[in-house]
Amino acid sequence: MSEISYRQALKNAMIEELKRDENVVIIGEEVAEYNGAYKVTEGLLKQFGPKRIVDAPISEAGFIGMGIGASMLGIRPVMELMFWSFAYVAWDQIINNAASVRYMSGGKINVPIVIRGPANGGTGVGATHSHTPENFIANTPGLKVVCPSNPYDAKGLMKSAIRDNDPVYVMESTIMYNDVGEVPDEDYTVPLGKAKVAREGTDISLIAHGPSVLVCLEAAEVLKAEHNIDAEVVDLRSIRPLDEETIVNSVKKTNRAVLVEENKPFCGVDAQIAYLIQNQAFDYLDAPVQRISAIDAPAIYSPPLEKIQLPKANVVVKKVLEIC
Amino acid sequence: MTKTTDTKKSARTKPTKANLAQEAKTPANAKLTSEELIGFYREMVRIRRFEERSLRAYQQGKIAGFLHLYIGQESIAVGCVSLMEENDHVITAYRDHGHALAVGMSMDECMAELFGKATGCSKGKGGSMHYFDPSKNYWGGHGIVAGQTPLGAGLAYGLKYQGKKGCALCFLGDGAVNQGAFHESLNIAALWDLPVVYIIENNGYSMGTSQERSSAHPEEGIAARANGYNINWAKINGESLFDIREGVKKAMDLARDKSKPSLLEIHTYRYQGHSIADANHKKYRSKEEIDDYRKNHDPIILYREYLLESKLLDDDGIKEIDLAAKEEAEKSAAFAEKSEFPVEEDILKDVYWEEDNPDQKQSEGRIFFND
């Protein structure tokens, strides 16, 4: 076991897979010589050389489409988006090519790509740099998307993503890159489609993904200390595929749910979670499913307001008290 | 659709008239056997007869959606594919029936795909714009204009990465040259020395908009934009199968041997509309222009004349090839007609590799969300 950062965990996953499979190649802007805009790929160029670690020009549609094309021949590109907010520049490639080429060919082709990068707000970078598009990705059959919230899951899910023969998109977070956690030294993976109970509880289920999981864990501490409410925190980890069983079992146990996400409310991930809870655990609910999403406007710049716009522990606590 | 008061011809310059007898002697063509030479004619005729049969089927309501016919452009697919070797790959846009037949896909599977049947090359899931056959190094069949151009760079990148000596032929129309993704692809191809040959099948019109109304380019033409990326480029007369082979071979050799990209512009024409749904193709083009290309610049007619003049084939031989092609196309329509449609359960297949290969599945959880 080692205590390493989320950033290091991602890097270790890539190092292990680069060693394991010669078809894996890392492509992105500033990933090689600059050592990564957020240092996730720091040192990789030195270790693996320019064939395996490739600096792309600022052309998301170009290099991501190129990666998709190469993957049809068996290359396994792991492509970095400096911010997932830049995905829309390449949206045609990401949705119309990566997601659809297998289907439209009647199953003759598969696209074993990974696209990874930070998907988060909260850093004062404004509306065009703060997107969390896991909900858009999850709405697209043919794609998979995961949101690790800690170093252990970051490494395990990244390795699964790279080994997966379908397109898997990994939503990281600049805010979590420095978070430290225990990670095994030996080879392990975290399967897609498996949620985790991050904190066991009996009175209410707090269900979240990505940075919102940390918000819920903080809220759970406050709820216990100040209100004697024992909250269970469910970390989705994987959005598509989705672990419905863990979600439903939690709500069956606690009878109440508050969903927390950085997505905006309309058709965010939690809209889907809310649907499935009322559909599969209706008789177990003692209150309507509640939801905390980001406040429904483009990401505001002004730092104190940006903090208010995103889910916070005190807002989660307040919402819990409304239904408990 | 804006109403144009004048039927402008496209501003592209017409190449000098082809002289197939001369062009047959160029290095790429001089050593062709009579069997090969006749074979090219057969392939072009097969494509045209297939397209004509599918047009009829569309008018009979057997085919849904769009149908982008290749009639008039057959020399390009046949000429280029005839140059392909083991490690060469091809990708194109939605006017893809010609390329599919040229690489060796069957009329049966192609027609069945148009009819939406389970026996189609994409099991009925793709339709006209999405023919694929990886076993023949053929990667589609793509509906978004220029969407395939980064993929073409990717095929070249993959070949180079794997240390294979080969090239990617990436076809596009004159309508695609203004898309951003195409420019990104050119830059990447030049920057990284990718062995990709971009081939613009310039039929003068991006849907209803002539080249003059859509594209800003140097005097020499749209392919001259390659100068901006320091990419090798050339213009080719599409009415001559030999010219196509000679010009494209140079670019393919450059890609295979030196790993350098090229941008080729092949002058061609389509007699039908952009798609069969295009009701305006005789409005945005003049009757004189369409007739001129049909009578004086048809690649099949010109090639047939060459075969007859050089006594490689006589009138009976020509008739035989034509009849065989018509019969083959008719047979494929009958095959398509009597084939079954996919069943409802098929809708959820071929979405994820993992779901289609359950014995190797690693993921858990739910992947499809209908109730």
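Bear in mind that the values here come from a model prediction, so they are computed numbers and not experimental data.

J.: Hey, could you run me through the overall build of chain A in this one?
T.: Along its length, chain A carries twelve helices and 14 strands. Here the C-alpha radius of gyration of chain A, 19 Å, is about what a compact globule of 324 residues would show, namely 20 Å. C-alpha atoms of chain A, sized along the principal axes, occupy 55 × 40 × 40 Å. Taking all 324 residues of chain A together, 60% fall into the buried category. A fraction of 78% describes how many contacts in chain A between residues 6 or more apart in sequence connect residues 24 or more apart.

J.: Teacher, can you tell me more about the overall build of chain B here?
T.: Tallying secondary structure elements over chain B gives 13 helices and seven strands in all. Its C-alpha radius of gyration of 21 Å places chain B within 12% of the 21 Å reference for a compact globule of 371 residues. Judged by the C-alpha coordinates and their principal axes, chain B covers about 65 × 50 × 50 Å. Within chain B, the proportion of its 371 residues that are buried is 53%. In chain B, the proportion of contacts linking residues at least 24 apart, taken out of those at least 6 apart, comes to 76%.

J.: How should I be thinking about the sheet that holds strand S3 (residues 196–202) of chain B in this particular structure?
T.: Either a parallel or an antiparallel arrangement is found when strands of a sheet pair, and the pairing is made through backbone hydrogen bonds. Residue and element names in this part refer to chain B. Pairing in this open sheet of five strands is parallel, and the strands run S1-S2-S3-S7-S6 from one edge to the other. Every other strand in the sheet has two partners, leaving strand S1 (89–91) and strand S6 (232–237) as the edge strands with one partner each. With direction set aside, neighbouring strand axes in the sheet form an average angle of 20 degrees. Pairing of strand S2 (residues 168–173) with S3 involves six bridges; the strand directions are parallel. Paired with Leu169 across the two strands is Val197, which belongs to S3. Contacts from helix H6 (residues 148–161) reach S1, S2 and S3 within the one sheet, and its direction differs from that of S2 by about 170 degrees.

J.: Help me understand the sheet that holds strand S10 (residues 204–208) of chain A, please; the structure alone is not making it clear to me.
T.: Residues and elements named next belong to chain A. Taken in spatial order, the five strands line up as S9-S11-S10-S13-S14 in an open sheet, and their pairing is mixed. The two strands at the open ends of the sheet, each matched to only one other strand, are strand S9 (196–199) and strand S14 (290–292). Each adjacent strand pair in this sheet contributes to an overall mean axis angle of 25 degrees, direction not counted. In the sheet, S10 pairs with strand S11 (residues 231–235) via five bridges, with the strands oriented parallel. Across the sheet, residue Ala208 finds its bridge partner in S11, namely Asp235.

J.: Would you mind showing me how to read the interface of chain A and chain B here?
T.: Many authors give the size of an interface as the accessible area that is lost as the parts come together. The interface is formed by 46 residues belonging to chain A together with 43 residues belonging to chain B. A breakdown of the residues in the side of chain A that touches chain B according to their chemical character gives 19 nonpolar, 18 polar and nine charged.

J.: I tried to follow H6(B) on my own but got confused; where do I start?
T.: Residues three or four positions apart in an α-helix share a direction because the helix packs 3.6 residues into each turn. Residue and element names in this part refer to chain B. An ideal rise of 1.5 Å per residue puts 20 Å on 14 residues; H6 measures up with 20 Å between its terminal C-alpha atoms. When you tally the buried positions in H6, you get 14 out of 14 residues, the bulk of the element. Residue Gly163 follows H6 closely and has a positive phi angle near 70 degrees.

J.: Looking at this structure, how should I read helix H7 (residues 151–163) of chain A?
T.: Its 13 residues place the ends of H7(A) 19 Å apart at the C-alpha level, agreeing with the 18 Å of an ideal helix rising 1.5 Å per residue. Judged by how many residues are buried, H7(A) sits mostly within the fold: twelve of 13 residues are covered.

J.: What is the right way to look at the domain arrangement of chain A in this model?
T.: All names here are of chain A. Here chain A is partitioned into domain 1 (2–183) and domain 2 (196–323). Here domain 1 and domain 2 have C-alpha centroids that lie 26 Å from each other. At the junction of the two partners, domain 1 supplies 24 residues and domain 2 supplies 23 residues. Of all elements in the fold, only helix H6 (134–138), strand S6 (144–146) and H7 reach the threshold of two or more residues within the side of domain 1 that touches domain 2.

J.: I keep staring at the pairing of strand S7 (residues 168–172) of chain A and nothing clicks. Help me out?
T.: The two faces of a sheet get side chains in turn, since along a regular strand they alternate between them. Residues and elements named next belong to chain A. Counting buried positions along S7 gives five out of five residues, so the element sits mostly inside the fold. Side-chain alternation along S7 places Val168, Val170 and Glu172 on one buried face and Tyr169 and Met171 on a second face that is also buried. Two strands pair when backbone bridges link them, and S6 and S7 are joined in this way by three bridges, in the parallel orientation. Counterpart to Lys144 in the pairing with S7 is Val168. Crossover handedness for the path S6 to H7 to S7: right-handed.

J.: Is there a simple way to think about unusual backbone geometry in this case?
T.: In terms of backbone geometry, most residues other than glycine have negative phi values and most peptide bonds are trans. Cis peptide bonds are those with omega within 30 degrees of zero, and the linkage from A:Arg240 to A:Pro241 qualifies with 5 degrees. Within the fold, A:Pro241 resides in the loop between strand S12 (238–240) and helix H9 (244–254). Cis geometry is found at the peptide bond from B:Gly140 to B:Gly141, where omega equals 15 degrees. Even without being glycine, A:Arg237 reaches a positive phi, approximately 60 degrees. Judged by the 28 C-beta atoms lying within 10 Å of it, A:Arg237 falls in the buried class. Of note in the backbone geometry, A:Asn255 takes a positive phi value of approximately 70 degrees without being a glycine. Mapped onto the secondary structure, A:Asn255 falls in the loop between H9 and strand S13 (257–260). The partly exposed category is assigned to A:Asn255, around which 18 C-beta atoms lie within 10 Å.

J.: It is not clear to me how the packing of helix H3 (residues 74–81) of chain B against helix H9 (residues 241–258) of chain B should be interpreted in this structure. Could you clarify?
T.: Two quantities define a packed helix pair, namely the angle between the axes and the distance from one axis to the other. All names here are of chain B. Packing of H3 against H9 brings their axes to within 9 Å, and their N-to-C directions diverge by 45 degrees. With respect to their mutual orientation, H3 and H9 come out oblique. Where H3 crosses over H9, the two elements pack in a sense that is right-handed. Across the interface between the two elements, Ser75, Ile76, Val78, Gly79 and Cys80 from H3 touch Leu241, Ile244, Arg245 and Val248 from H9. Its residues assigned to classes, the contact of H3 with H9 comprises six nonpolar, two polar and one charged.

Conventions we followed
Residues numbered from 1 in each chain as written. Chains lettered and ligands numbered in written order. Predicted model: local features only at pLDDT ≥ 70, side-chain atom pairs only at ≥ 80, totals over all residues. Helix = DSSP H or I, 4+ residues; strand = E, 2+ residues; numbered from the N terminus. Rg over C-alpha atoms; globule rule 2.2 N^0.38 Å. Buried ≥ 20, exposed ≤ 12 C-beta atoms within 10 Å, placed from the backbone. Contact = placed C-beta atoms within 7 Å. Pairing = 2+ DSSP bridges. Axes fitted to C-alpha atoms, helices over the stretch in contact; angles between N-to-C directions. Nonpolar A, V, L, I, M, F, W, Y, C, P; charged D, E, K, R; others polar. Expected span 1.5 Å × (residues − 1). Domains from an automatic or database assignment. Right-handed = clockwise from strand over helix to strand, strands pointing away. Parallel < 35°, antiparallel > 145°, perpendicular 65-115°, else oblique. Left-handed = near helix turned anticlockwise from the far one by under 90°.

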